[in-house]
Amino acid sequence: MYRPFEIVWAKAVWLQCSDERPWLLVDVREHGEEYGAFPISTKYYRSGGPFYIIEDTHADFPATGLKSRSYLFYESIIEIGDDEIRRSGSPMGRLNGALLVAVKEASGL
């Protein structure tokens with residue numbers, strides 16, 4: 001079971017597209033069978049709604065497991081199932097420290 005603020009690789013629908021991408025888990029539901037999450041992308045999508053830029057120069061960036069500067073889109077929490085998460089067993093990374101505080105503040109969590 002994953003925990004809030006871990007980043008996982010998942011194939012879930014966002015903006016009518018089901019590409020595999022990183023997702024930030026923000027809520028654990030149904031005993032770890034479902035999660036509330038925000039999509040993450042290296043591309044900016046105007047229709048993606050409000051976003052926070054996760055800078056690759058941020059001191060807490062290495063813990064995310066992301067490869068480069070990314071956009072976290074937080075317009076709404078999207079439900080993803082445990083079966084949509086790829087590379088199960090361990091997250092690719094997580095938010096922590098000042099980066100976690102900044103994302104919580106920006107997204108209203």
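As a reminder, the structure under discussion sits directly above these lines.
Structurally, Ser-70 is set in strand 5 (residues 70-73). With near-sequence residues (within four places) excluded, Ser-70 lies in contact with Ile-40, Ser-41, Thr-42, Tyr-52, Ile-53 and Ile-54.

This paragraph deals with the nonpolar core. Formed by 16 residues in total, the largest nonpolar core has its most connected members in Leu-24, Tyr-52, Ile-54, Leu-72, Leu-95 and Val-103. Those elements that provide at least two residues to this core are strand 2 (20-29), strand 3 (34-41), strand 4 (51-54) and helix 1 (97-107). Ranked by residues supplied to this core, first place goes to helix 1 with three residues. If we ignore the near neighbours within four places in the chain, the residues touching Leu-24 are Phe-5, Glu-6, Ile-7, Gly-36, Ala-37, Phe-38, Ile-40, Leu-72, Leu-95 and Val-103. Formed by 14 residues, the second largest nonpolar core is a distinct cluster that contains Phe-73, Ile-78, Ile-80 and Ile-85.

Right, let's get into the pattern of salt bridges. Summed over the entire model, instances satisfying the criterion amount to five salt bridges. A salt bridge links Arg-94 to Glu-6; the nearest nitrogen and oxygen atoms lie 3.7 Å apart. Of the two residues, Arg-94 sits in strand 8 (residues 93-94) while Glu-6 sits in strand 1 (residues 6-11), which places them 88 residues apart along the sequence. A relative accessible area of 31% places Arg-94 in the partly exposed class. Accessibility expressed as a relative area gives 11% for Glu-6, which makes it buried. Among the salt bridges present, the one from Glu-79 reaches Arg-29, with a minimum N-O distance of 3.0 Å. Taken together, the positions of Glu-79 in strand 6 (residues 78-81) and Arg-29 in strand 2 put the pair 50 residues apart, joining distant regions of the chain. Take Glu-79: its relative accessible area is 49%, and that puts it in the partly exposed class. Judged by relative accessible area, which is 22%, Arg-29 ranks as partly exposed. The structure contains a network of salt bridges with shared partners spanning Asp-27, Arg-29 and Glu-79.

Procedures and definitions
- Residues numbered from 1 in each chain as written.
- Predicted model: local features only at pLDDT ≥ 70, side-chain atom pairs only at ≥ 80, totals over all residues.
- Heavy atoms only, no water.
- Helix = DSSP H or I, 4+ residues; strand = E, 2+ residues; numbered from the N terminus.
- Contact = heavy atoms within 4.5 Å.
- Core = buried A, V, L, I, M, F, W, Y, C linked by side-chain atoms within 4.5 Å.
- Buried < 20%, exposed > 50% of the residue type's maximum accessible area, 1.4 Å probe, protein only.
- Salt bridge = Lys/Arg side-chain N within 4 Å of Asp/Glu carboxyl O.

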